[in-house]
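Residue strings, one per chain:
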Amino acid sequence: MGSGGRLRCAFIRACLVVLGMLLMLQVFVWFRAPGPRWVTKDGITFTIISIDNSRDRGARGNQPERSDSPRGLETGGAVFMESEAGVLWEYMQFYQDENENFTQKRDRSQIDLQPWAGGQPSFTAEVQRFIEYISTTQVHCARELTAGEPQEEKGLAGSWTVCLEGWFLKREAGPCVAYSFSLDQKDAGFVSRMVSLAGCEVHQFDPGARPAPGRDERGVRRHQTWLDWREPKHGSRRNTPKKLGLIMESLGHGKVEFVQADLESAEWKVLESLVLDGTLSRIQQLVVTVHLHWAGFEVGGSEAGVVRFWYSLLKELQSAGYRLLHSARGPGRTILQHRLAGVSSTYTLSWVNTRWNY
């Protein structure tokens, strides 16, 4: 064999050795990769490798990176291996959405406004969409606790409903906790039934409560603190209004099963604060009376814009996993001082957090 033939043979042997080393390296990475392995329904296997870029995030002041990648392909710190992007599109979109939701819960300063109901500002279109939304229940409960018996009373003004079904309320997790915010003890029925029928540890909040704060003969704990959407001023009095998260912290509650609130038109800003600061995830069921005769405290804008804000805020509850269990019309027949047929000025809405986790 000539020198040229020997050179070709040596080159081929070297290539085979390199190829073998690459194959061994790939197998080694496969077994040592830190991420979990997934198998698609088409039999394609891929691995998720998480990359810790916390050091880089600290250098950038925790600012999220932006990318021009198509929606669903940006992984937010994860690298997907051994598969084509098209196969992972649905999973990666979910992964991205979950990261976006986490970022929003941590850093958001305002809610996301929904598109205009009619494509442009229209008070009539916004009211129609809003009323239809708050009048349509979204979840069914086989075991309900209502404001009164018989069941027909569920439709009366001011009525409410909470769900006692097993997957909503697990007795083995310990006694439930209920908060009730209302002026002049208009919540007496809710408080009584939470004590006698639900067996909850009940806290009643009323800034003008008489008698003085303390525990009554039923074990209900009364507080003169009121619910607010703003941080309390430094050095404020004990009964100064506080955000719900601060109230829960002061009482030693990480989570609360039931929150009932009739806040006399402060509900919109309070709900907004619950969405933005993440406290909403710490509530299992929320019964709130909404007032529509005027915009509410610190809610401004055009009439169409106000109703759009209301609707967008309740859609935030739905995005957080809340579903409407019950809706009851209350007194009044005006919305933003417009007298309209088939509507009420107040509605009591009962919501269930379907993502609740003990």
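Details of the structure are given in the entry above.
Once a new chain begins, its residue numbering starts again from 1 and follows that chain's sequence as written. In view of the model being predicted, local features appear only for residues whose pLDDT reaches at least 70, and side-chain atom pairs are presented and counted only at 80 or more, with totals across whole chains, interfaces and linings using the full set of residues. Hydrogens and waters are ignored; side-chain quantities use all the structure's heavy atoms.

**Student:** Can you walk me through the overall build of the protein chain in this structure?
**Tutor:** Looking only at helices and strands, one finds eight helices and 15 strands in the protein chain. With a 1.4 Å probe rolled over the protein chains alone, any residue whose accessible area is under 20% of its type maximum counts as buried; one over 50% counts as exposed, and the rest are partly exposed. Within the protein chain, the fraction of its 358 residues that count as buried is 40%. A contact between two residues is defined here by any heavy atoms of the two lying within 4.5 Å. For the protein chain, long-range pairs separated by at least 24 residues make up 66% of all intrachain contacts whose partners lie at least 6 apart in sequence. Working definition of accessibility: Shrake-Rupley area with a 1.4 Å probe, residue cover restricted to the visible protein chains. Carbon together with sulfur atoms contributes 54% to the accessible area of the protein chain, which is approximately 20,200 Å² in total. Secondary structure elements follow DSSP: runs of H or I of four or more residues count as helices, runs of E of two or more count as strands, with numbering from the N terminus.

**Student:** Mind showing me how you'd approach the packing of aromatic side chains here?
**Tutor:** Any aromatic ring pair is given by two values, namely how distant the centres are and how the planes are angled relative to each other. Side-chain rings of Phe, Tyr and Trp, where Trp is taken by its six-membered ring, are said to pair if the distance between their centres is within 6.5 Å; with planes under 30 degrees apart they count as stacked, over 60 as edge-to-face, and otherwise as tilted. One pass over the structure, following the stated rule, counts 11 aromatic pairs. On the basis of an interplanar angle of 65 degrees and a centroid distance of 5.3 Å, the ring pair of Tyr179 and Phe205 is categorised as edge-to-face. Here the residue Tyr179 occupies a position in strand β6 (residues 177-181), and Phe205 occupies one in strand β7 (residues 201-205), the gap between them amounting to 26 residues. What makes Tyr179 buried here is its relative accessible area of 0%. Owing to a relative accessible area of 1%, Phe205 belongs among the buried residues under this scheme. An aromatic cluster is defined as three or more aromatic residues linked by ring pairs; in this entry it consists of Tyr179, Phe181, Phe205 and Trp226. Above the plane of the ring of Trp356 lies Lys255, whose end atom (NZ or CZ) is 5.4 Å from the centre. Note on criteria: charge over ring means Lys NZ or Arg CZ within 6 Å of the ring centre, with the direction from the centre no more than 35 degrees off the ring normal.

**Student:** What am I meant to see in the pairing of β6 here?
**Tutor:** Within β6, five of the five residues are buried, which leaves the element mostly enclosed by the surrounding structure. On β6, burial covers both faces: Val177, Tyr179 and Phe181 on one face and Ala178 and Ser180 on the other are all buried. In the sheet, β6 pairs with β7 via five bridges, with the strands oriented parallel. The partner of Phe181 across the bridge, within β7, is Phe205. Of the pairings in the sheet, the one linking β6 to strand β10 (residues 256-261) comprises four bridges and is parallel in character. If you follow Ser180 over to β10, its bridge partner there is Gln260. Strands pair, by our definition, only if DSSP identifies at least two bridges between them.

**Student:** Which parts of the structure should I look at to understand empty space enclosed by the protein?
**Tutor:** A probe as big as a water molecule, rolled over the atoms, marks out the empty space that is left. Think of a 1 Å grid over the protein atoms and nothing else: a 1.4 Å probe that fits but is trapped marks a cavity, an open set flanked by protein within 12 Å on at least five of seven lines marks a pocket, and residues with an atom within 4 Å of a point count as lining. Grid points are joined across faces, edges and corners, and a volume is the space filled by probe spheres set on the points. Inspection of the entire model under this criterion finds two cavities of 30 Å³ or more. Within this model, the largest cavity holds a volume of roughly 50 Å³. Residue lining of the largest cavity: Leu227, Leu244, Val259, Ala261, Leu263, Glu267, Val270, Leu271, Leu274, Leu286 and Val288, and that is the complete set. No other element matches the four residues that helix α7 (residues 267-277) contributes to the lining of the largest cavity. In terms of residue class, the lining of the largest cavity is built from 10 nonpolar, no polar and one charged. Throughout, the ten residues Ala, Val, Leu, Ile, Met, Phe, Trp, Tyr, Cys and Pro are labelled nonpolar, Asp, Glu, Lys and Arg are labelled charged, and all others, Gly among them, are labelled polar.

**Student:** Would you take a moment to explain the sheet that holds strand β15 (residues 346-353) for this structure?
**Tutor:** Two pairing modes exist for strands in a sheet, parallel and antiparallel, and in both the strands are linked by backbone hydrogen bonds. Taken together, the eight strands give an open sheet; going across it, the order is β8-β9-β7-β6-β10-β11-β15-β12, and neighbouring strands pair in mixed fashion. Since the sheet does not close on itself, it has two edges, and those belong to β8 (214-215) and β12 (322-329), each with one partner. Where helix α4 (residues 123-134) meets the sheet, its contacts fall on β12 and β15, and the angle it forms with β15 comes to roughly 55 degrees. Sitting on the sheet, helix α6 (residues 244-251) touches β6, β7, β9 (221-223), β10 and β11 (283-291), and the angle it makes with β6 is about 130 degrees. Convention adopted: a line fitted to C-alpha atoms gives each axis, helices being fitted over their contacting stretch, and angles between N-to-C directions are expressed from 0 to 180 degrees.

**Student:** Before we go on, may I ask you to explain the nonpolar core in this structure?
**Tutor:** The tendency in soluble globular proteins is for nonpolar side chains to be buried as a group. One finds Phe130, Tyr179, Phe181, Trp268, Trp310 and Trp351 to be the most contacted residues of the largest nonpolar core, which totals 53 residues. With nine residues, helix α8 (residues 303-319) is the largest single contributor of residues to this core. Aside from chain neighbours lying at most four places away, what touches Tyr179 is Phe190, His203, Phe205, Leu244, Ile247, Met248, Leu251, His253, Val256, Phe258, Val259 and Gln260. With 15 residues, the next largest nonpolar core counts Trp160, Val162, Ala198 and Val220 among its residues. Put simply, a nonpolar core is a bunch of buried Ala, Val, Leu, Ile, Met, Phe, Trp, Tyr and Cys residues held in one set by side-chain atoms that sit within 4.5 Å of each other.

**Student:** Honestly, α7 in this entry has me stumped. Any pointers?
**Tutor:** An α-helix turns once every 3.6 residues. As a result, residues three or four positions apart point the same way. Most of α7 is tucked away: 10 of the 11 residues are buried. What α7 keeps buried is the set Glu267, Trp268, Lys269, Val270, Leu271, Glu272, Ser273, Leu274, Val275 and Leu276. Looking one or two places after α7, you find Gly278, whose phi comes out positive at around 85 degrees.

**Student:** Help me out: how do you make sense of unusual backbone geometry in this one?
**Tutor:** Apart from glycine, the bulk of residues carry a negative phi angle, and the bulk of peptide bonds sit in the trans form. In this structure, Ser265 is a non-glycine residue whose phi angle is positive, near 85 degrees. Along the polypeptide, Ser265 turns up in the loop between β10 and α7. By relative accessible area, which is 3% here, Ser265 ends up buried. At Glu298, a residue that is not glycine, the phi angle is positive and equals roughly 60 degrees.

**Student:** Hey, could you run me through the state of the cysteines in this one?
**Tutor:** Two cysteines joined by a covalent bond between their sulfur atoms form a disulfide. Any two cysteine sulfur atoms within 2.5 Å of one another count as a disulfide. The final tally for this structure, using the stated rule, is two disulfides. Covalently, Cys141 is tied to Cys163 through a disulfide, its sulfur atoms 2.0 Å apart. Given an S-S torsion of about 80 degrees, the disulfide between Cys141 and Cys163 has right-handed geometry. Highlighted residues: Cys141 in the loop between α4 and β4 (144-146) and Cys163 in strand β5 (residues 161-163), separated in sequence by 22 residues. One exposure class covers both Cys141 and Cys163, and it is buried. Bridging Cys176 to Cys200, the disulfide has an S-S length of 1.8 Å. The S-S bond linking Cys176 to Cys200 shows a torsion near -95 degrees; that makes this disulfide left-handed.

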